[in-house]
2 protein chains.
Amino acid sequence: MAATPPRPLTLRDVSEASGVSEMTVSRVLRNRGDVSEATRAKVLEAAKSLGYVPNKIAGALASQRVNLVAVIIPSLRNMVFPEVMSGISAVLEDTELQPVVGVTDYMPEKEERVLYEMLSWRPSSVIIAGLEHSDASRAMLAASGIPVVEIMDTDGTPIDAMVGISHRRAGREMAQAILKAGYTNIGFLGTKMPLDHRARKRFEGFTETLAKAGVEVMDQEFYSGGSALAKGREMTQTILERTPELDFLYYSNDMIGAGGLLYCLDKGIDVPGQIGLAGFNGVELLDGLPRKLATMDAMRTEIGRKAAEIVAALVEDPDAEIDRIVELTPKVAMGETLKKR
Amino acid sequence: MAATPPRPLTLRDVSEASGVSEMTVSRVLRNRGDVSEATRAKVLEAAKSLGYVPNKIAGALASQRVNLVAVIIPSLRNMVFPEVMSGISAVLEDTELQPVVGVTDYMPEKEERVLYEMLSWRPSSVIIAGLEHSDASRAMLAASGIPVVEIMDTDGTPIDAMVGISHRRAGREMAQAILKAGYTNIGFLGTKMPLDHRARKRFEGFTETLAKAGVEVMDQEFYSGGSALAKGREMTQTILERTPELDFLYYSNDMIGAGGLLYCLDKGIDVPGQIGLAGFNGVELLDGLPRKLATMDAMRTEIGRKAAEIVAALVEDPDAEIDRIVELTPKVAMGETLKKR
DNA sequence: CTGAAAGCGCTAACAA
DNA sequence: TTGTTAGCGCTTTCAG
């Protein structure tokens, strides 16, 4: 056995090993154009035995085509985004396209860097979370000349296309459900995240609807970092001790809501009789809690699928006539922590 | 304003706009070589105003260098892997290197495809979960000529380098802790995953140590799919109804363990008096449960960090003298579901 | 069905 | 400090 060549193999190596021109080897390896069964077999055999892996960098440069879709999301640790990714992957799996993830950690400057980095690989398209971006980011996206799908949120104007839910509306609908159930002393618990625009919009929609009914949020509590479940417990304790009159707690996500629920159950508080609870997201993860938390599905997987479908269509045909604005409409899931009436 | 050029900008455009040669523009944009402050400013100005984004494909082809690290993991939906990713990102952030994720869905054939795809972009290095790969995958990795770090598991022989914990040992140590606490009627609950080698190894270590003490696993229960918390509940009910003598339940992950815990508390079972419980992973997510589950930290973030450090060192200098085998040693966290004595 | 020539956009290496 | 010349490994295009 010869020493492993330090130089990566090239088409030329396969060409020499098989006695077929580079061009024809390339054809075989890409299944393009007509090649006789005989040469085809020879080439495949040579490529395999050499362990040849094509160089996509050279291929992409020559063909001016890159089968990558840049997916830019705030975090992987928030279950929401891996679920969006599943939706995207599931759809792209049936195409030539491949998702490549970039993470921004909820920071606009990092988003800008990641975006620049990804665009410099000339992806076929971009899927990016949110509608709020720095001017530079928007400029890059607009100038890229490729399809751009902004996801998660539809409260705003997309650069090119968007798929998501209206978080304002989500907030409004939850407020309606809560008011309808007869709760009026309402507290809000959320993340200390000025940059979480979607949470902000939900809160705005929420307070707007309450205001129309003459109700104001009675108390609020925010957290950052740490285990959401534990934080949910702590915050709930804090807010209830500070404002015992509260009869409903609206959490900005299900994890802290679950923590709150566990706290209330621990304390023997009657949920939803004495206090009602609701979260947001509809995470399957929590099925199995002692009581099912009221929530609202953020339709994560569906958003991923839809976005990927748009991307696939647009990459195939940039002039495809498709809806570039897709607003999905989640419903309140009453669970068992919101009174029925 | 002129119509947006459909053709992406090239170095040449910046060169013409700034009246500086392409080569010098390239130098400025990469901060390489000496360039006078005057030309530098001119170039930067031109690049910015045009909105030029360099083409890394061409750059990589010309320089034969790609600053990407391929990270290949089974799933993003299992919290374990996003945490490993954090560790990797945190370390690579201080380097030129960039992680790119590929997901295998726990399927060897998909691993092979993903690996092939990623290697065809000629990354500087590969970080891949597990020590078990198809022959083809191993061959590709070995032939790639780049540093390969296998992570999570150290029970086996790496292709090049490995960072992880010994899952056999983890199983043995948990068994010891359980025996020491005086439990003898032990049940095992896990995932129905023939391909989860690490869970398998834990189980092997576990039974091995029990056997030495003349103890056998009394009953087992497996699941697949669905919400782990809910499944944990169901499985626990099933196994306890089938084998009421059980006095300890060892779960292959914390989520199902948490489900089991909630079930037991619901039923008024004395934990850890009547029945002891333990999981695996040490997920922070669960802090905030009514009782702290006994578990064993899989050291996910640390594994990511270490792997990234090795990669960074080896990319910098392929002959760097570093440990290529790093076994981290987690400890049993007794929590509140394992008797003390 | 197969091959030869001419780049893709950039950078290494060398010259000025 | 700046510019010129050759490719990087592949695919497009055009000939056979």
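Our subject in this report is the structure included herewith. Remember, it's a predicted structure, so these values are computed and weren't measured experimentally.

The rules behind the values
- Residues numbered from 1 in each chain as written.
- Chains lettered and ligands numbered in written order.
- Predicted model: local features only at pLDDT ≥ 70, side-chain atom pairs only at ≥ 80, totals over all residues.
- Heavy atoms only, no water.
- Least-squares fit on C-alpha atoms with pLDDT ≥ 70 in both.
- Contact = heavy atoms within 4.5 Å.
- Salt bridge = Lys/Arg side-chain N within 4 Å of Asp/Glu carboxyl O.
- Helix = DSSP H or I, 4+ residues; strand = E, 2+ residues; numbered from the N terminus.
- Buried < 20%, exposed > 50% of the residue type's maximum accessible area, 1.4 Å probe, protein only.
- Near = heavy atom within 4 Å.
- Polar contact = N/O pair within 3.5 Å; in protein donor to acceptor, adjacent residues only side chain to side chain.
- Nonpolar A, V, L, I, M, F, W, Y, C, P; charged D, E, K, R; others polar.
- Patch = residues over 30% accessible without salt bridge, like charges linked within 9 Å, V, L, I, M, F, W, Y side chains within 5 Å.
- Areas by Shrake-Rupley, 256 points an atom, 1.4 Å probe, with all protein chains shown as cover.
- Lys, Arg positive; Asp, Glu negative; His and termini not counted.
- Charge placed at Lys NZ, Arg CZ, Asp CG, Glu CD.
- Pairing = 2+ DSSP bridges.
- Right-handed = clockwise from strand over helix to strand, strands pointing away.

The next subject is the relation of the copies chain B and chain A. For the pair chain B and chain A, the best superposition has an RMSD of 0.1 Å and corresponds to a rotation of 180° with a translation of 0.0 Å parallel to the axis. This pairing of chains is accounted for by a two-fold axis. Judged by C-alpha distance, Ile57(B) is the residue of chain B that lies nearest the rotation axis, at 2.8 Å. Most of the interface of chain B is mirrored in chain A: 100% of its interface residues are interface residues there too.

Another aspect to go through is the pattern of salt bridges. Residue and element names in this part refer to chain A. The full count for this structure, using the stated rule, is 42 salt bridges over all chains. A salt bridge links Glu 208 to Lys 212, with the nearest nitrogen and oxygen atoms 3.7 Å apart. Of this pair, Glu 208 and Lys 212 both sit in helix H9 (residues 197-212), four residues apart, which is roughly one turn of that helix. The partly exposed category is assigned to Glu 208, whose relative accessible area is 33%. Residue Lys 212 is classed as exposed on the basis of its relative accessible area of 68%.

Here we come to the protein's contact with DNA strand D. Near DNA strand D there are 25 residues, and of these Leu11(A), Met23(A), Ser26(A), Tyr52(A) and Arg27(B) occur at the shortest range. Protein-adjacent atoms of DNA strand D, using a 4 Å cutoff, are sugar or phosphate at a proportion of 68%. Between Ala58(A) and DNA strand D, the recorded distance is 3.2 Å, taken from a backbone N or O atom to a base nitrogen. Considering only residue class, the surface near DNA strand D consists of 10 nonpolar, 10 polar and five charged.

The subject of this paragraph is a positive patch on the surface. There is a patch of like positive charges on the surface, built from Arg27(A), Arg30(A), Arg32(A) and Arg65(A). According to the relative accessible area criterion, Arg30(A) is partly exposed, its value standing at 43%.

Our focus in this paragraph is the protein's contact with DNA strand C. Taken together, 25 residues lie near DNA strand C, and Arg27(A), Leu11(B), Ser26(B), Tyr52(B) and Arg65(B) sit nearest. In DNA strand C, the atoms that sit within 4 Å of the protein are 68% sugar and phosphate, with bases accounting for the remainder. Contact distances for DNA strand C include 3.4 Å between a base oxygen and a backbone N or O atom of Leu61(A). Measuring from a phosphate oxygen of DNA strand C, one finds a backbone N or O atom of Leu11(B) at 2.5 Å. For the surface near DNA strand C, the secondary-structure elements that each account for two or more residues are helix H2 (22-30) and helix H4 (56-63) of chain A together with helix H2 (22-30) and helix H4 (56-63) of chain B. The residue inventory of the surface near DNA strand C, partitioned by class, reads 10 nonpolar, 10 polar and five charged.

Take Met218(A): it is sitting in the loop between H9 and strand E7 (219-223). Remark: the alpha-carbon pair of Met218(A) and Asp34(A), spanning 184 residues in sequence, is separated by 73 Å.

In this section: the pairing of strand E2 (residues 98-103) of chain A. All names here are of chain A. Two strands pair when backbone bridges link them, and strand E1 (residues 68-73) and E2 are joined in this way by six bridges, in the parallel orientation. What sits directly across from Val 71, in E2, is Val 101. A crossover links E1 with its parallel partner E2, the connecting element being helix H5 (residues 80-92), and its sense is right-handed.

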